[in-house]
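Chain by chain, the residues:
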Amino acid sequence: MASVMMALRLVPSLPRLRPPRPASLRHRQAGQRVAPTPTKVTVIPGDGVGPELMGHVERVFGAARVPVELEVVHVEGGAAGERGMAAAIRSVRRHRVGLKGNFETAVNLPGPRPRSRNVQFRAKLDLFASVNHYRSLAGVPAPVGGVDLVAVRETTEGEYTHLEHESVPGVVESLKIITRARSERVAEFAFDYARRHGRRSLAVVHKANIMKLSDGLFLQCCREVAAGYPDIAFTDVIVDNATMQLVSQPQQFDVLLMPNLYGVVVNNICAGLVGGPGLVAGGSFGQRCSVFQTAIRNTASGLANRNVANPTAMLLASCLMLDHLRLHGFAELIRIAVTKAVTEARIHTPDLGGTASSTDVVDYVVKIISTGGRVIIKRTREEIGRIVLTQRS
């Protein structure tokens, strides 16, 4: 039961956006006695292990009878990829919700350097905030325990604007763009998230001691926004010190807020602290659209078609998507089954030091859902009710 309770605590309520109302809810409100129409969402398999992981999600959704319709959009390489990217963006704009694998970005040096499709995708949809919740799991090998922190990363500017050029042969300039408007936007988002989720402190990660104008502006904006949230303890930490503190005493952090590049580094460190990239899900949020994916943007191409990739992160990402759609019961059912597979049954893929295949994990999840999942949910809710009553009395 302890691990099941942990699974429920892993559920982060999502940012205050405006998700499409599930069709079943619309029918109930209209008083129509008809079968609910599935809610449509965009699915973008991506590269590497992405297509396999999406196949696992579809199988689990089928077992749980999740009332969603998946519109799958493939994004390929070359000119066809540009058409696929445009189609994927249109689909997400239409449905406002997506589940996404990662796109491979080649490192071409020297020669043409095409823009990262992950960056292009976020920019077109103005997905400005990445939110990842890192939490230690019982039974999972990890360097440290007791980790429970949220990383919020600004994802539309900084070093990721692709503004670089060779001014003269052998001299390259790369521009880092920081604006007040976007810094304030992500700071408001992060503090609001912290307040609504009962978080007590927020630390902004920066390098304003060296980059006094760019990081200085980001830090200044965060300080100004912090003044409006006196209930959230605010501090700042220089990025190199932050990385050292994370690997030595990560338990001190509650919410971390970072500009773009530092967020990439910190997210990878945090994933390593809780067991690896195969365990952590995340979401990218804009004003109108939300896209869910694994927390770490890695295609894991070397694992493709080998049935060894850990499906946990993508399955948990699908749960975040279901929570966003207000399909909480289905999200809870799948999340508990996935967590039990990893923590209690300890069905571990090679990245966790085990020998299980991807299919082994999914088989167990489907078995739990099909044979006893809803009983687990009922018992868990009853247990939560007893705990709440005890606390109130």
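**Digging into the overall build of the protein**
In terms of regular secondary structure, the protein is built from 13 helices and 12 strands. Evaluated residue by residue, the protein yields a buried proportion of 52% over its 393 residues. Considering only intrachain contacts with a sequence separation of at least 6, the fraction spanning at least 24 residues in the protein is 76%. Total accessible area computed for the protein in this model is approximately 17,800 Å², and 53% of it derives from carbon and sulfur atoms.

**So, the nonpolar core**
Within the largest apolar cluster, 69 residues are counted, with the highest numbers of intra-cluster contacts made by Leu-99, Val-152, Leu-257, Met-321, Leu-322 and Ile-334. Here the element with the most residues in this core is helix 10 (residues 312–324); it accounts for 8 residues. Residues Val-205, Phe-253, Ala-271 and Ala-295 belong to the second largest nonpolar core, which totals 27 residues.

**Some words on helix 5 (residues 117–125)**
Across the 9 residues that make up helix 5, a large majority, 7, are buried. Those residues of helix 5 that fall on the buried side of the exposure criterion are Arg-117, Asn-118, Val-119, Gln-120, Phe-121, Arg-122 and Leu-125. At the exit of helix 5 stands Asp-126, carrying a positive phi of roughly 55°.

**Some words on the packing of helix 8 (residues 239–248) against helix 9 (residues 260–274)**
Two elements in contact, helix 8 and helix 9, have axes whose closest approach is 10 Å; the angle formed by their N-to-C orientations is 10°. Judged on the interaxial angle alone, helix 9 and helix 8 are roughly parallel. Facing helix 8, whose interface residues are Val-239, Thr-243, Leu-246 and Val-247, helix 9 presents Tyr-262, Val-265, Val-266, Ile-269, Cys-270 and Leu-273.

**Things to note about the pairing of strand 6 (residues 164–168)**
Bridge count between strand 6 and strand 7 (residues 171–174): 4 bridges; the pairing is antiparallel. Across the sheet, His-165 pairs through a bridge with Glu-173, a residue of strand 7. Hairpin connection from strand 6 to strand 7: 2 residues lie between these consecutive antiparallel strands, with Gly-170 at a positive phi of about 90°.

**Points about the packing of helix 3 (residues 50–64) against helix 10**
At a minimum axis distance of 9 Å, the contact between helix 3 and helix 10 shows a crossing angle of 55°. Of the possible angle classes, the one that applies to helix 3 and helix 10 is oblique. Crossing of helix 3 over helix 10 shows right-handed handedness. Where helix 3 abuts helix 10, its residues Leu-53, Met-54, His-56, Val-57, Val-60 and Phe-61 lie against Met-314, Leu-315, Ser-318, Met-321 and Leu-322. Classifying every residue of the contact of helix 3 with helix 10 by side-chain character gives 9 nonpolar, 2 polar and no charged.

**A closer look at the confidence of the model for the protein**
Where the model shows low pLDDT, its predicted coordinates should not be examined in detail. Averaged over all residues, the pLDDT of the protein equals 87, while 82% of them reach at least 70. Across residues 1–18, confidence stays below pLDDT 50; counting only partners more than four residues off in sequence or on other chains, it has 59 contacts. Low pLDDT (under 50) marks residues 23–35, which in the prediction has 11 contacts with non-local residues, meaning those over four places away or in another chain.

The rules behind each value
Within each chain, residue numbers correspond to sequence positions counted from 1 in written order. Given that this is a predicted model, residues contribute local features only at a pLDDT of at least 70 and side-chain atom pairs are listed and counted only at 80 or more, while totals for whole chains, interfaces and linings are drawn from all residues. Values reported for side chains reflect all heavy atoms of the structure, with hydrogen atoms and water molecules removed beforehand. Helix and strand definitions follow DSSP, with helices as H or I runs of at least four residues and strands as E runs of at least two, each counted in order from the N terminus. Exposure categories follow from relative accessible area, calculated using a 1.4 Å probe and restricted to protein chains: below 20% of the type maximum is buried, above 50% is exposed, and the middle band is partly exposed. Note on contacts: a residue pair qualifies if any of its non-hydrogen atoms lie within 4.5 Å across the two residues. Here the open area of atoms and residues is found with the Shrake-Rupley method and a 1.4 Å probe, where only the protein chains shown may cover a residue. Throughout this description, the term nonpolar core refers to a set of buried Ala, Val, Leu, Ile, Met, Phe, Trp, Tyr and Cys residues connected via side-chain atoms within 4.5 Å. Axis angles are defined between N-to-C directions and span 0 to 180 degrees, where every axis is a line fitted to C-alpha atoms and, for a helix, only to the segment in contact. Here is the rule for angles: anything less than 35 degrees is roughly parallel, anything more than 145 is roughly antiparallel, 65 through 115 is roughly perpendicular, and the remaining ranges are oblique. Only strands joined by at least two bridges in the DSSP assignment are considered to pair. Handedness of a helix crossing follows the sense of rotation of the near helix relative to the far helix, less than a right angle counterclockwise being left-handed and clockwise being right-handed. Gly counts as polar in this scheme, as do all residues outside two lists: the nonpolar Ala, Val, Leu, Ile, Met, Phe, Trp, Tyr, Cys and Pro, and the charged Asp, Glu, Lys and Arg. Residue-level confidence of the predictor, termed pLDDT, takes values from 0 up to 100.

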